[in-house]
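One letter stands for each residue in the lines below.
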Amino acid sequence: MDFRKDINGLRAIAVVAVMLYHFGIAGFSGGFVGVDVFFVISGYLMTGLLLKAQARPDFSLLAFYGARCRRILPALLVLCLVMVASGWVILPPFDLKELGLQIASALSFTSNILFYSDSGYFSPLSREKWLLHTWSLSVEWQFYLAFPLMLALLHRLRYRLSINTGLLLLAALSLIACVAVTPYSRDFAFFQLPTRLWELVAGGLVYVYASHNTLAPQRANTLQLLGLLLLAGCITFMNSSLLWPGVYAVLPVLAACLIIYAQAPQAWLCRGLMQHLGNWSYSIYLWHWPAMVALSYMQLRDHVPAVVISVLFSIVMGALSYRFIELPAKRLTAGNYRLVLPVLLTIALAGGLAMGQGFAGRVSPAVQLADSEIGNIFAPEGTCQQLKDQPALWQCGANTPRFAVWGDSHALSIFAAVQKAAGDGTGLLYSQSCPPLENAYLDEKRSHRRCQANTATILADIAALPADLPIILAFRYSYYLYGYNEDPTRQVSLRYTDMTAAEQQADKTAVFAARLEQMLCRAAQGRDHVYVVAPIPELGVDVPRVMSRQLMLADSITPPVLALANYQSRNTVVLKVLHNAAARCGFTLLDPTQPLCANGICQSAQDGRPLYADDDHLSQSSDAFMAPLFAPVFSR
C-alpha cells in the first residue's frame, strides 16, 4: 500500500494520547482511546494489504505472517531482553517470577489472556505489571492470524455475500457482543479479540469504501476536521470511570474512521514532528509503559521532574528503537527465519525465571523475608480434610474439634492465629467468598450465586454443633458495602434474593446494616461462645510487595502504616452494627486493632517481617503475633 502521511500523523496523535494518559498528564483523561485508534489503523492497513495480495496468484499466507513478525517482534524482543536484564538487578523474586510469565505471554501473543485473568486495565494495580500494554499486540496478532482466513472465506462466498456485506455483518456481531458483555464482564470485553474485532474490522470497512470513493478537497478537509475534533473530545473528556469499551468506544473508532476516510493531507498532520512521532509510535508505545511502571515502583508517579524525564525517555527510546531495530528488521527477507531462535530462547529464559521462583538467592535475606510473605495466607488444601457433604467445610487436625471459624478469605487469614491460641488444636473451617448476610450474593462471579444456599447450610450446621464449642466469625465486612479500598475502580454488586432492585437501591447502607445484624444474631442464637472479629485493618497497599521492592533499593525502610482514624472512618457503619449486635445478641467482639494498632497508627510489619500477605489479609506467619487476641476464646 502507498504510504499515507495522514495515517502516520494519526499514529502520532494516538501514541501521544496513550502515553500522556498513562503518565497522568492533565487534559488526557481519555487518552486510552489511542489504542482504539491503533486498532482501526491496523484494520485498514491489513485489509488493504490482504485484498491486494489475495488477488495475486503468488499470494503466500506464510509470507504475510512473516512480514507481520518482522514488523512486531524485533522491537518487542529487544524490550523483553532489556526487561530480563533489568529485572534481574532490581526486582525481588516474586516480581521477577511474574515478569517471566509476562514476557513469555507477550512473545507468544497471549498476554491479553493472561491479563484478563488478573486485575483490570484501569485498576491502580495494573501499574505494577511491566508488560500489561502488550495485551493490544496480542489482540492484533490474533487478528492477523484469523482475518486472512475470514477474508478468504468471504472471497469464496462472494457470489452470495459481498466483502462489504460480510465485513459489515462481522463488525455488527462483534459490536453487539462488546456492548452486551461490557456491563457484565468489563475485563473480558476489554482484553479479548471477539469484543474488539469490530474496531479492527471498522478500519477494513473504511478501506473497502474509500477505495471506491474520492472526496473533493473541501469535503475531505471538513470530514477530517470533524474526525479530529471528535477524537480530541474523546481524549479530553472521556475517563476511566466509563463502562469501557462498550458503546462509548464507538466515538473514537468513528473519529479514526472519518480521519482515514477523508484522506486529507493537512500540513500539520503530514509534516515535521508529527511524522517523526508517527514513525516512532510503535517503539514509543513499547517503552513508555515500563517507564511508567518504574515510576510506580520507585513511588515517583507524582514527582513532576521524574514524570517529564520518563516521557522524554520514552520518546528517545522510541526513536532509537525505530532507527536501530525496526528499520534494519525491514530488510530481512520473507524467507529469513533468524527471528525464530532468539524469540524461542527468550521465551525459554522467561519461563526459567518463572519456574525458578525468581531466584531468591540473588537478593539479600531482608528482601527474601519480605518477599516470602507475598500471598502467604493459610490454605486448607493439603493440610486439612475437606468434609464433602458440607459446602466449603474443612477439618484441620485429627482430634475432636476445639473451635470453628466461619467467614470469607479473612477467616483464612486468622485461622493460623486461632489454631496457635488453641495450642495447635483441631478446628473446623467454613470459608467461602460470600457476604456475611442471608439471602445475598455478589454478582461479580457466577459461582457466588451459590452463596444463598451455602450460607443457609452453614448456619444450620453451626446450630447443630455442641453449644459450648467456640464459634469465631471473621469477614471483610466493609468490602461488601464499599468495595475494594486498595482499588476504588473495582466495585462489588451486592444482590439480595428476597428484595426488588428498587428496594435494594433505596438505602444500601441501611439494608446492609440491618441484614448484617440479623445474620450475626442468627449465628449467635442458642450458643454459649460466639466471637466476632472486628474488621481487620486494610492497609490499601500490598505490604510485602512494597517492602520487598523498597528493600531492593535501600538497606532499611519504613513499612506501610494506616492511621487508626482512617480505619475507623471506613468501618464506621460496620463497627456500629457489630457493637449493637454484640450488646443485643450476646456474642463477644474481638478487636484486631489491639495488637495491630498503637498510638493511633496501625502497623503492617514486625522486625522486618510483614504481618500481611497483601493489602488486607493477615499473613500465616502473623499467627504468634495475633494469637493473644484469641486467648480469651480458650481461657475457660
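Each remark here, short or long, concerns the structure printed above.
Residues numbered from 1 in each chain as written. Predicted model: local features only at pLDDT ≥ 70, side-chain atom pairs only at ≥ 80, totals over all residues. Heavy atoms only, no water.

I tried to follow the packing of helix H7 (residues 163–181) against helix H9 (residues 197–210) on my own but got confused; where do I start?
Packed helix pairs are specified by the crossing angle of their axes together with the interaxial distance, meaning the distance between the axes. Closest axis-to-axis distance for the H7/H9 pair is 8 Å, and the angle between their directions is 155°. With respect to their mutual orientation, H7 and H9 come out roughly antiparallel. Classified by chirality, the crossing of H9 by H7 is left-handed. Along its contact with H7, which presents Ile163, Asn164, Leu167, Leu168, Leu170, Ala171, Ser174, Leu175 and Cys178, the element H9 presents Leu197, Trp198, Val201, Gly204, Leu205, Val208 and Tyr209. Here the residues of the contact of H7 with H9 are counted per class, giving 13 nonpolar, three polar and no charged. (Axes fitted to C-alpha atoms, helices over the stretch in contact; angles between N-to-C directions. Helix = DSSP H or I, 4+ residues; strand = E, 2+ residues; numbered from the N terminus. Parallel < 35°, antiparallel > 145°, perpendicular 65-115°, else oblique. Left-handed = near helix turned anticlockwise from the far one by under 90°. Contact = heavy atoms within 4.5 Å. Nonpolar A, V, L, I, M, F, W, Y, C, P; charged D, E, K, R; others polar.)

Mind showing me how you'd approach the sheet that holds strand S12 (residues 601–602) here?
Taken in spatial order, the three strands of this open sheet run S9-S12-S11, and their pairing is antiparallel. In this open sheet, the two edge strands, each paired with only one partner strand, are strand S9 (562–563) and strand S11 (597–598). In this sheet, S12 lies alongside S11 in antiparallel orientation, the contact comprising two bridges. Across the sheet, the residue bridging to Ala598 is Ile601, located in S12. (Pairing = 2+ DSSP bridges.)

Help me understand the state of the cysteines, please; the structure alone is not making it clear to me.
What we call a disulfide is simply a covalent bond connecting the sulfur atoms of a pair of cysteines. Summed over all chains, the structure comprises four disulfides. Each sulfur of the disulfide joining Cys521 and Cys585 lies 1.7 Å from the other. Taking the torsion about the sulfur-sulfur bond, which here is approximately 75°, the covalent link between Cys521 and Cys585 counts as right-handed. Of the two residues, Cys521 sits in helix H21 (residues 508–524) while Cys585 sits in helix H24 (residues 572–585), which places them 64 residues apart along the sequence. Taking only the cysteines that form disulfides and numbering them from first to last, the chain has the pattern 1-2, 3-4, 5-6, 7-8. For the unlinked cysteine Cys80, the closest cysteine sulfur is that of Cys69, found at 14 Å. (Disulfide = S-S within 2.5 Å.)

So what exactly am I meant to see when it comes to the sheet that holds strand S8 (residues 530–533) here?
Pairing between sheet strands relies on hydrogen bonds along the backbone, with the strands arranged either parallel or antiparallel. The seven strands are arranged S1-S2-S4-S3-S6-S8-S10 in an open sheet whose pairing can be described as mixed. Edge positions in the sheet fall to strand S1 (385–386) and strand S10 (588–590), since each of these pairs with one other strand and no more. With four bridges connecting them, strand S2 (residues 393–396) and strand S4 (residues 427–431) associate as antiparallel partners. The partner of Leu393 across the bridge, within S4, is Tyr430.

Before we go on, may I ask you to explain the environment of Val363 in this structure?
Summarising the element assignment, Val363 is placed in the loop between helix H15 (340–355) and helix H16 (365–371). A relative accessible area of 9% places Val363 in the buried class. Excluding residues that lie within four positions of it along the chain, Val363 makes contacts with Leu91, Pro93, Gln368 and Met552. (Buried < 20%, exposed > 50% of the residue type's maximum accessible area, 1.4 Å probe, protein only.)

Looking at this structure, I do not really get the nonpolar core. What am I missing?
General note: in soluble globular proteins, nonpolar side chains tend to be found buried as a group. Grouped together as the largest cluster of nonpolar side chains are 200 residues, with contacts concentrated most on Trp406, Ile414, Leu473, Leu520 and Phe630. When residues in this core are grouped by element, the largest group, 14 residues, is from helix H13 (residues 272–297). Excluding residues that lie within four positions of it along the chain, Leu473 makes contacts with Trp406, Met519, Leu520, Ala523, Val530, Tyr531, Val532 and Val533. (Core = buried A, V, L, I, M, F, W, Y, C linked by side-chain atoms within 4.5 Å.)

Sorry, what's going on with empty space enclosed by the protein here?
Unfilled space is identified by rolling a water-sized probe across the atoms. Counting across every chain of the model gives one cavity of 30 Å³ or more. What lines the largest cavity is His410, Phe475, Arg476, Tyr477, Ser478, Pro535, Ile536, Glu538 and Asn571. Looking at the lining of the largest cavity residue by residue, the classes come out as four nonpolar, three polar and two charged. (1 Å grid on protein atoms, 1.4 Å probe; cavity = no way out; pocket = protein on both sides within 12 Å on 5 of 7 lines; lining within 4 Å. Points joined across faces, edges and corners; volume = space filled by probe spheres on them.)

Would you take a moment to explain the pattern of salt bridges for this structure?
Side chains bearing opposite charge may pair, as long as their charged atoms lie close to each other. Summed over all chains, the structure comprises 19 salt bridges. Between Arg196 and Asp36 there is a salt bridge whose closest N-O contact spans 2.8 Å. Here Arg196, found in the loop between helix H8 (186–191) and H9, pairs with Asp36, found in helix H2 (residues 34–54); they are 160 residues apart in sequence, far enough to count as distant. Each of the two residues, Arg196 as well as Asp36, counts as buried. With its nearest N and O atoms 4.0 Å apart, the salt bridge here joins Arg545 to Asp95. In this pair, Arg545 sits in helix H22 (residues 543–553) while Asp95 sits in helix H4 (residues 93–107), placing the two residues 450 residues apart along the sequence. Residue Arg545 is classed as buried on the basis of its relative accessible area, which comes to 12%. The network of salt bridges with shared partners includes Asp95, Glu98, Glu128, Asp542, Arg545 and Arg549. (Salt bridge = Lys/Arg side-chain N within 4 Å of Asp/Glu carboxyl O.)

It is not clear to me how the packing of H2 against helix H6 (residues 135–156) should be interpreted in this structure. Could you clarify?
Contact geometry of H2 with H6 gives a least axis separation of 10 Å together with a crossing angle of 30°. The angle between the axes of H2 and H6 places the two elements in the roughly parallel class. In this structure, H2 crosses over H6, and the sense of that crossing is right-handed. Seen from H2, the contacting residues are Val35, Phe38, Phe39, Ser42, Gly43, Met46, Thr47, Leu50, Leu51 and Gln54; seen from H6, they are Trp135, Ser136, Val139, Glu140, Phe143, Tyr144, Phe147, Pro148, Leu151 and Ala152. For the contact of H2 with H6, a count of residues per class yields 14 nonpolar, five polar and one charged.

What is the right way to look at H4 in this model?
The periodicity of an α-helix, 3.6 residues per turn, causes residues three or four positions apart to be oriented the same way. In a regular helix each residue adds 1.5 Å, so 15 residues correspond to 21 Å; H4 covers 21 Å between its end C-alpha atoms and thus fits that length. Downstream of H4 by one or two residues, Phe109 has phi in the positive range, about 55°. (Expected span 1.5 Å × (residues − 1).)

When you look at unusual backbone geometry in this model, what are you seeing that I'm missing?
Residue Pro245 is bonded to the preceding Trp244 through a cis peptide linkage, with omega at 10°. Here Pro245 shows up in the loop between helix H10 (217–237) and helix H11 (250–262). One non-glycine residue, Gln299, lies in positive phi territory at about 55°. Note on placement: Gln299 falls in the loop between H13 and helix H14 (304–330). Residues other than glycine seldom take positive phi values, yet Gln357 does so here, at roughly 55°. Tracing the backbone shows Gln357 in the loop between H15 and H16. Among the residues examined, Gln357 registers a relative accessible area of 46% and is labelled partly exposed.

What is the right way to look at the packing of aromatic side chains in this model?
Any aromatic ring pair is given by two values, namely how distant the centres are and how the planes are angled relative to each other. Inspection of every chain in the model, using the stated rule, returns 25 aromatic pairs. Seen from their ring centres, Phe403 and Phe415 are 5.5 Å apart, and the 45° between their planes marks the pair as tilted. Of this pair, Phe403 sits in strand S3 (residues 403–407) while Phe415 is found in helix H17 (residues 409–421), placing the two residues 12 residues apart along the sequence. The pair Phe403 / Phe415 is uniform in exposure class, with both members buried. (Phe/Tyr/Trp six-rings, centres within 6.5 Å; stacked < 30°, edge-to-face > 60°.)

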